[in-house]
Amino acid sequence: MTITRRQKERFLHLWPKILLPKTRENFRNNIYRITVKERKEEMAQNNINFIDPWAFIRVKNERKTLLASLNSIRSIIHKGVIAYNYTEDEISDGSDRIVEEFCKDNPGFIPFRYPYHVEPVNSPKYFNKSLQEENTLAGYYNAVLSKIPKNVWLLKIDVDQIYCPEILKHSFSLPQSPKDIVIYSRLNVIRVNNEVKVCSYIRPGDHWLVYNDNLKFINVIKKEGAFLNKKVLAFEQLKLGTKHNIPFYPECSTLHFQYEKIGRYCKDNISNLKTLHDFLDSAPPDEFSDELLSLLKYIKFFN
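Residues numbered from 1 in each chain as written. Predicted model: local features only at pLDDT ≥ 70, side-chain atom pairs only at ≥ 80, totals over all residues. Heavy atoms only, no water.

With respect to the overall build of the protein chain
Then comes step 1: For the protein chain, the helix and strand inventory stands at nine helices and 10 strands.
Then comes step 2: Relative to the compact-globule value of 19 Å for 303 residues, the protein chain shows a C-alpha radius of gyration of 20 Å, a close match.
Then comes step 3: If one aligns the C-alpha atoms of the protein chain with their principal axes, the spans along those axes are about 65 × 45 × 45 Å.
Then comes step 4: By residue count, 49% of the 303 residues in the protein chain fall in the buried class.
Then comes step 5: A sequence separation of at least 24 residues applies to 75% of the contacts in the protein chain between residues at least 6 apart.
Then comes step 6: Carbon and sulfur atoms make up 51% of the accessible area of the protein chain, which amounts to about 16,300 Å² in all. (Helix = DSSP H or I, 4+ residues; strand = E, 2+ residues; numbered from the N terminus. Rg over C-alpha atoms; globule rule 2.2 N^0.38 Å. Buried < 20%, exposed > 50% of the residue type's maximum accessible area, 1.4 Å probe, protein only. Contact = heavy atoms within 4.5 Å. Areas by Shrake-Rupley, 256 points an atom, 1.4 Å probe, with all protein chains shown as cover.)

Right, dumping it as structure tokens:
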């Protein structure tokens, strides 16, 4: 007999937290972990229902991967807000023109210019609290969030990532309640001599599909590391307005080209990295589908 995800959740509620806590936490984290096989079996069903989420997109001088990312989602996401940020004193890299043209061709998407200077992650100004709210990451994110209707589903999209439509679409069938949340993984990659190599895998990551009910972004300052060698981090964080159910963790559906961004450099020994083809040949088949190879076609849109 096959045990459903909801039955596993009910069993978890009966499991005392003091009894084998590490085993319980591992069981909890895997209740809604979706495998490649499960996704394919469920997509073959005729009675599957999908939500139609809004895309939540913020852009800051990301022309190189912008159009490729937007083209990868346009067949399954039909509406959203695409915000681009630059002030009167800054020169845009052309991202604004790409956003405006894409929204003209895809009228469900709304362009939005955020005109304030935004301090980047880990700026010292976050630590001494000398910033006005509109100059913070949370201020920018909340402004974009305000353009999306309340009580709809929204999906965070980063434009240095390329998304697999077939895999991503299945995740739109997972939420059954406004309290559900889907958290996505990402495969970090780098282009080297016309090849794509794999740097690392993050599961779960910082992407989510969530119901827009009392959502808000806050600025966070966090200390990590040993007592005498703490690293101070500043970043934005999504604050959920209500208590949510155990998250769904779908299989990997995206390639993250983080090193295409200006000012980002790979610290790995690139010669030791596997190509995407070799990585998928040896990777767990329940975690990674060879459908990810289809995303390489979007590289032609890199600008």
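Some details on the pattern of salt bridges
Then comes step 1: With the rule as written, the count across this model stands at 14 salt bridges.
Then comes step 2: When the shortest N-O distance is used, the salt bridge between Asp158 and Arg58 registers 2.7 Å. Taken together, the residues span a long stretch of sequence, with Asp158 in the loop between β4 (153–157) and β5 (161–163) and Arg58 in strand β1 (residues 54–59) at a distance of 100 residues.
Then comes step 3: Judged by relative accessible area, Asp158 falls into the buried class, the value being 16%.
Then comes step 4: Classification of Arg58 by relative accessible area gives buried; the value is 7%.
Then comes step 5: Among the charged side chains, a salt-bridge network with shared partners connects Arg33, Arg203 and Glu287. (Salt bridge = Lys/Arg side-chain N within 4 Å of Asp/Glu carboxyl O.)

Quick word on a nonpolar patch on the surface
Then comes step 1: A cluster of nonpolar side chains, Ile18, Leu19 and Leu20, forms an exposed patch at the surface whose accessible area comes to about 360 Å².
Then comes step 2: Relative to the elements of secondary structure, Leu20 occurs in the loop between α1 (5–13) and α2 (21–30).
Then comes step 3: For Leu20, a relative accessible area of 51% puts it in the exposed group. (Patch = residues over 30% accessible without salt bridge, like charges linked within 9 Å, V, L, I, M, F, W, Y side chains within 5 Å.)

Some points on the sheet that holds strand β3 (residues 109–114)
Then comes step 1: Reading across from one edge, β3-β2-β1-β4-β7-β6-β10-β5 is the order of the eight strands in this open sheet, with mixed pairing throughout. Lying at the two open borders of the sheet, with one neighbouring strand each, are β3 and β5. Mean inter-strand twist for the sheet, computed between neighbouring axes without regard to direction, equals 25°.
Then comes step 2: Direction of pairing for β5 relative to strand β10 (residues 254–256): antiparallel, over a ladder of three bridges. Paired with Tyr163 across the two strands is Thr254, which belongs to β10.
Then comes step 3: Most of the contacts of helix α4 (residues 63–73) go to β5, to which it runs at about 20°, and overall it touches β1, β2 (80–85), β4, β5 and β6 (181–192).
Then comes step 4: Across the sheet, helix α7 (residues 137–145) touches β1, β2, β3 and β4, and the angle it forms with β1 is around 145°. (Pairing = 2+ DSSP bridges. Axes fitted to C-alpha atoms, helices over the stretch in contact; angles between N-to-C directions.)

What to know about unusual backbone geometry
Then comes step 1: Although it is not a glycine, Asn193 adopts a positive phi angle of roughly 50°.
Then comes step 2: Note that Asn193 resides in the loop between β6 and β7 (195–211).
Then comes step 3: Its relative accessible area of 71% is what places Asn193 among the exposed residues.
Then comes step 4: A positive phi angle, close to 70°, is found at Asn194, a residue other than glycine.

Focus: a negative patch on the surface
Then comes step 1: Taken together, the side chains of Glu195, Asp278, Asp281 and Asp290 make up a negatively charged region of the molecular surface.
Then comes step 2: Mapped onto the fold, Asp278 is located in helix α9 (residues 276–282). (Lys, Arg positive; Asp, Glu negative; His and termini not counted. Charge placed at Lys NZ, Arg CZ, Asp CG, Glu CD.)

Remarks on α4
Then comes step 1: Buried residues dominate α4, accounting for eight of its 11 residues.
Then comes step 2: Where α4 is concerned, the buried positions are Thr65, Leu66, Ala68, Ser69, Leu70, Asn71, Ser72 and Ile73.
Then comes step 3: Along its buried surface, α4 packs onto β1, β2, α5 (95–105), β4, β5 and α8 (165–171).

Overview of the side chain of His244
Then comes step 1: Within the element layout of this structure, His244 appears in the loop between β9 (231–239) and β10.
Then comes step 2: Within the structure, His244 has its side chain in polar contact with the backbone oxygen of Thr242 (distance 2.8 Å).
Then comes step 3: In this structure His244 touches Pro178, Lys179, Asp180, Ile181 and Val210, once residues within four positions along its chain are discounted. (Polar contact = N/O pair within 3.5 Å; in protein donor to acceptor, adjacent residues only side chain to side chain.)

Quick notes on the environment of Leu12
Then comes step 1: Its place among the elements puts Leu12 in helix α1.
Then comes step 2: For Leu12, a relative accessible area of 2% translates into the label buried.
Then comes step 3: Sequence separation between Leu12 and Asn49 is 37 residues; the distance between their C-alpha atoms is 26 Å.
Then comes step 4: Apart from residues lying up to four places away in sequence, Leu12 is in contact with Arg24, Phe27, Arg28, Ile31 and Ile246.

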